[in-house]
Amino acid sequence: MKVEKRPFDVEPHNVEQEQQLLGAVIVDNDRFHKISGLVKAEHFWEPVHRDIWKAIASRVSNGHLADATTLANDFAAHEGIEQLGGVRYIVRLAGASISGFAVQDYAEDTVRLANARIFMDTLREAASKISENAPMDEVKAGVDLALMEVEEQGKENSIPLVAAFRRAIENMNEAYQDGAPVGIPTGLNALDQRTGGLFAPDLIVLAGRPSMGKTSLATSLGLRTAKAGKAVAIVSLEMDDQGLAQRILSELSGVPYFNYRRAHEMSERDFRSTVESANENSSLPIEIVPPHVRDPGAIFSALRKIDRKYKAVGGLGLVLVDYLQLVTERGNSANERIGKVSNGLKKIATMLHVPVIALSQLSRGVEFRDNKRPMLSDLRDSGQIEQDADVVLFCYRDHYYLSRETPPEDDVELALHNEALGACKNVMEVITAKQRFGSIGTDRIGCAIETNRFWNLEPSLGDRQEEITF
């Protein structure tokens, strides 16, 4: 009995087409430049072809020749190519070359087949989730993520410099005429002078050890942005909507948010102040994405819906993700998984053209150093976070650590300890460890973590000014 193949049994691919496309570029490296903005290594179905494309790209990008001879040397010890006949396979690719006029068509069809595989994988996963009675919102989110990836691949391969000049000048002229910064001001002078504000489509990683105040600072920045009339979405993966509301109400009312956990003991004054703050600020354009929405596709789907809701006022102005390590993603290791998450958040920032502040944990190694101020190497689980981020900020409070030290018995040392403790009370250091278009360094701001409040300290310019990084 003959068993017919179902539509999902075979992935769309064309090995011969991939061979001829690679051969055409091997024969004439100039053809690489014509299609390099369209075709990427991941578009090839055959794994060996992906590696060959990467080798061609590396050689051509560095001004070196990528022909059958040089590539044969590169792949002399390649395990995968041995199964296809060894380095002679490279020579056969060159012999299978198509004519130059067909390269663009072959390239477009290779990308089309890759996109078809993305959709097929998505449909398989969607069918699996449906059979498991998963919520339809979750199923739809996976399809949305696939659409996001395909849409990104369909963008222009190049932008003329004159067009880039025009856009840059228009933005600068608008800021010059209005006398307002190009980015979204945070209202914290030291941070605004350091960064110029929050820019789209930047991925801003805000990291710190537990109890350093990163959630408080991020929430405060979101509230300040909403008060300026820009829509804010908070992807709250660790805290439910009530917990987040308590943080915001604490800043608005001045009532410590831990008092809300003991509401039966609250004074009438604090309760009235909280209710009045809620009533006065109920129309703020803040949307909370709840904890069950936690994979990149679902997050993108929710944010796109919010962006459309506020289209009349310019769409989303800021996205907060609390926190990066709680976003779910598949991967063989924590490093791979977190790398996919950070890359996905950067894509979301680009697709929605909005600054995304993603909170991140730091490794425990910080706690074992004498100087516990964080460094880029402390970013937990993945160096990809540092690579994807446009800005990396660390929160650090010396008072947290000093207050947990055993007070010295010597009177002189005790006096010095208490003096240091008083000097750093209600002070947060915001360490700009990476900034693509600005300086790095440390700035000090005032903070009252218990009420989620932050304010300017003088001088507003940072304590340390270091080199500009790109």
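This one's a predicted model, so the numbers in the text were calculated from it and none came from an experiment.

Let's talk about unusual backbone geometry
Part 1 of the reasoning: Of note, the amide linkage connecting alanine 200 to proline 201 takes the cis form, showing an omega dihedral of 0 degrees.
Part 2 of the reasoning: In the segment running from aspartate 322 into tyrosine 323, the intervening peptide bond is cis, with an omega of 0 degrees.
Part 3 of the reasoning: In the Ramachandran plot, asparagine 426 falls in the positive-phi region, its phi being about 60 degrees despite a non-glycine side chain.
Part 4 of the reasoning: The residue asparagine 426 is located in the loop between α18 (411-423) and β7 (427-435) in this model.
Part 5 of the reasoning: Judged by its relative accessible area of 31%, asparagine 426 falls in the partly exposed class.

Here's the deal with the pairing of β7
Part 1 of the reasoning: In terms of burial, β7 is a largely internal element, nine of the nine residues being buried.
Part 2 of the reasoning: Looking at chain direction, strand β6 (residues 391-396) and β7 are connected through six bridges and run antiparallel. Pairing of leucine 393 across the sheet is with threonine 432, part of β7.
Part 3 of the reasoning: The pairing of β7 with strand β8 (residues 438-448) spans six bridges and is antiparallel. Paired with valine 427 across the two strands is glycine 446, which belongs to β8.
Part 4 of the reasoning: The turn joining β7 and β8, which pair antiparallel and follow one another in sequence, is formed by two residues.

What about the side chain of threonine 215?
Part 1 of the reasoning: Assignment of secondary structure puts threonine 215 in helix α11 (residues 214-227).
Part 2 of the reasoning: When its relative accessible area of 12% is taken as the criterion, threonine 215 is described as buried.
Part 3 of the reasoning: Polar contacts involving the side chain of threonine 215 include one to the side chain of aspartate 322, which spans 3.3 Å.
Part 4 of the reasoning: Among all residues touching threonine 215, those that are not within four sequence positions of it are Met239, Arg247, Asp322 and Leu359.

Quick look at empty space enclosed by the protein
If you roll a probe as big as a water molecule over the atoms, it shows you where there is empty space left.
Part 1 of the reasoning: On inspection of all chains with the given rule, the structure shows three cavities of 30 Å³ or more.
Part 2 of the reasoning: Volume-wise, the largest cavity comes out at about 50 Å³.
Part 3 of the reasoning: As for the largest cavity, its lining consists of Thr215, Ala218, Thr219, Ile234, Leu244, Leu320, Asp322 and Leu359.
Part 4 of the reasoning: In terms of residue count, α11 provides more of the lining of the largest cavity than any other element does, three residues in total.
Part 5 of the reasoning: Of the residues assigned to the lining of the largest cavity, the class counts are five nonpolar, two polar and one charged.

The rules we used
- Residues numbered from 1 in each chain as written.
- Predicted model: local features only at pLDDT ≥ 70, side-chain atom pairs only at ≥ 80, totals over all residues.
- Heavy atoms only, no water.
- Helix = DSSP H or I, 4+ residues; strand = E, 2+ residues; numbered from the N terminus.
- Buried < 20%, exposed > 50% of the residue type's maximum accessible area, 1.4 Å probe, protein only.
- Pairing = 2+ DSSP bridges.
- Polar contact = N/O pair within 3.5 Å; in protein donor to acceptor, adjacent residues only side chain to side chain.
- Contact = heavy atoms within 4.5 Å.
- 1 Å grid on protein atoms, 1.4 Å probe; cavity = no way out; pocket = protein on both sides within 12 Å on 5 of 7 lines; lining within 4 Å.
- Points joined across faces, edges and corners; volume = space filled by probe spheres on them.
- Nonpolar A, V, L, I, M, F, W, Y, C, P; charged D, E, K, R; others polar.

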